[in-house]
Amino acid sequence: MDAQTVIARRIAQELRDGMLVNLGIGIPTLVANHVPAGIHVFFQSENGLIGTGALPEEGLTQARLTDAGGRPVGALPGASTFDSAMSFGLIRGGHVDLTVLGGLQVDARGRLANWMVPGKMVPGMGGAMDLVTGVRRVIVAMQHMAKGRPKIVRECNLPLTSMRPVDLVVTELAVIAFPQGRATLLETAPGVSVSDVRAATEADLQMPDDVPVMKL
Amino acid sequence: MRTIPLAEAAARIPDGASLMIGGFMGVGTPECLVDELCRQGRRDLTVIANDTARPGVGIGKLVTERRVRKAIVSHIGTNPQTQAQMLAGEMEVELVPQGTLIERIRAAGFGLGGVLTPTGVGTVVEEGKRKIEVEGREFLLETPLRADFALVQAFLSDYLGNLTYVLTARNFNPVIAMAAETVIVHAEHIVPVGMISPDQVMTPAPLVDYVVTGE
């Protein structure tokens, strides 16, 4: 199983029936392909849609029905559309149950940086700051390292997205949470040892006595 | 509301004007108005919008032709030309979190002195802003944003200017229609009064100044 599939599958296990969920671009989008059987969730797209569905086949796309990246999407029966003020009211107001976002860095307390690399990449924050600040539960989906460097660090040297700590980080190596503001290893991926995770992580990791293996 | 030919609508917008433009990555942007502003050579514009789309699409056309002096947007990642002009100092770009941007526009349109949002507290976004504590929680005071013109893309307009929008092409459109001195609308279809039932109207007619006819 490749890294992205491990991450997406593990995060999909966090979905609960009836949740309103916002998925970011990249690995987070893949979570929609792994929704467990028997669970129905609503996917929100922050450009003004609840009920995002798979892309319809060619010829049936609708130019005025797009996702937050501007790409055509489908809408499921029971979908709803609204303006941007409503969309961000849903996000900031705590009406969205779960968001899954990509990350550049996460610090030892769980604070996320994911919107710019000064001098290199300044795309703008889009909706990321509102999502991390306002959504009930925030999960970061990312590779554990970038170019051989740990992304879970003591302190972020990239600009933060929000002061609000994220709830969970899921990588191809591990699941990490931040109880009492301390990075804590919850699970390892199949075939990955606790010391592998420690070696790939800059932040100090709390180790419970029992660290189970992800069930994929 | 008055109906107005496209060229005349664009001619009402002077160089240096501030424009709110509907659309999200070009979806819901009044493309014909953008094209006409380019054709008429308008310049030094301030654009307030969600994003600058892509080169060749929507607001991206104004960027390509270097008509934008300042952009107040939430995202420029999909338009390398915006980034290049910003880095070269040719265009000023103010990046605003998307939820804050739409609320600043809404605040202006709704007659509010600003909004208090938790978004951006403790980040670079808080620089130069007042922090206000309410019930033990910190918020940023974000000020209202208004513009000289709103360029709105609607699905239907009737001959009074009642508007509806379609699917995700709604986005910023109904909000900017509240926040500008002059509201210019391009509608996909212009329909007789009564065709849009009162419950379906998303922007009431008195907010609209001009509906563009003919392309």
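Here's what I pulled together on the structure shown here.

**A short note on the interface of chain B and chain A**
With 35 residues of chain B in contact, the opposing surface of chain A contributes 31 residues. Of all the secondary-structure elements, those providing two or more residues to the side of chain B that touches chain A are α5 (98–109) and α6 (173–176) of chain B. Considering each element in turn, the side of chain B that touches chain A owes the most residues, five residues, to α5 of chain B. A class-by-class count of the residues in the side of chain B that touches chain A yields 18 nonpolar, 14 polar and three charged.

**Topic: the environment of Gly-51 of chain A**
Residues and elements named next belong to chain A. If you trace the backbone, Gly-51 turns up in strand β3 (residues 49–53). For Gly-51, a count of 17 C-beta atoms within 10 Å gives the class partly exposed. Considering only alpha carbons, one finds Gly-51 and Leu-76, 25 residues apart in sequence, at a separation of 5.4 Å. With residues near it in sequence (within four places) discarded, Gly-51 still touches Phe-42, Ala-75, Leu-76, Gly-78, Ala-79 and Ser-80.

**A few points about the packing of helix α3 (residues 84–92) of chain A against α5 of chain B**
Running from N to C, α3 of chain A and α5 of chain B point in directions that differ by 125 degrees, and their axes come no closer than 9 Å. Here α3 of chain A lies oblique to α5 of chain B, going by the angle between them. Between α3 of chain A and α5 of chain B the crossing geometry is left-handed. Facing Ser-84, Ala-85, Phe-88, Ile-91 and Arg-92 of chain A of α3 of chain A, the residues of α5 of chain B in contact are Gln-98, Gly-99, Ile-102, Glu-103 and Arg-106 of chain B. Residue composition of the contact of α3 of chain A with α5 of chain B, grouped by class: four nonpolar, three polar and three charged.

Procedures and definitions
- Residues numbered from 1 in each chain as written.
- Chains lettered and ligands numbered in written order.
- Predicted model: local features only at pLDDT ≥ 70, side-chain atom pairs only at ≥ 80, totals over all residues.
- Contact = placed C-beta atoms within 7 Å.
- Helix = DSSP H or I, 4+ residues; strand = E, 2+ residues; numbered from the N terminus.
- Nonpolar A, V, L, I, M, F, W, Y, C, P; charged D, E, K, R; others polar.
- Buried ≥ 20, exposed ≤ 12 C-beta atoms within 10 Å, placed from the backbone.
- Axes fitted to C-alpha atoms, helices over the stretch in contact; angles between N-to-C directions.
- Parallel < 35°, antiparallel > 145°, perpendicular 65-115°, else oblique.
- Left-handed = near helix turned anticlockwise from the far one by under 90°.

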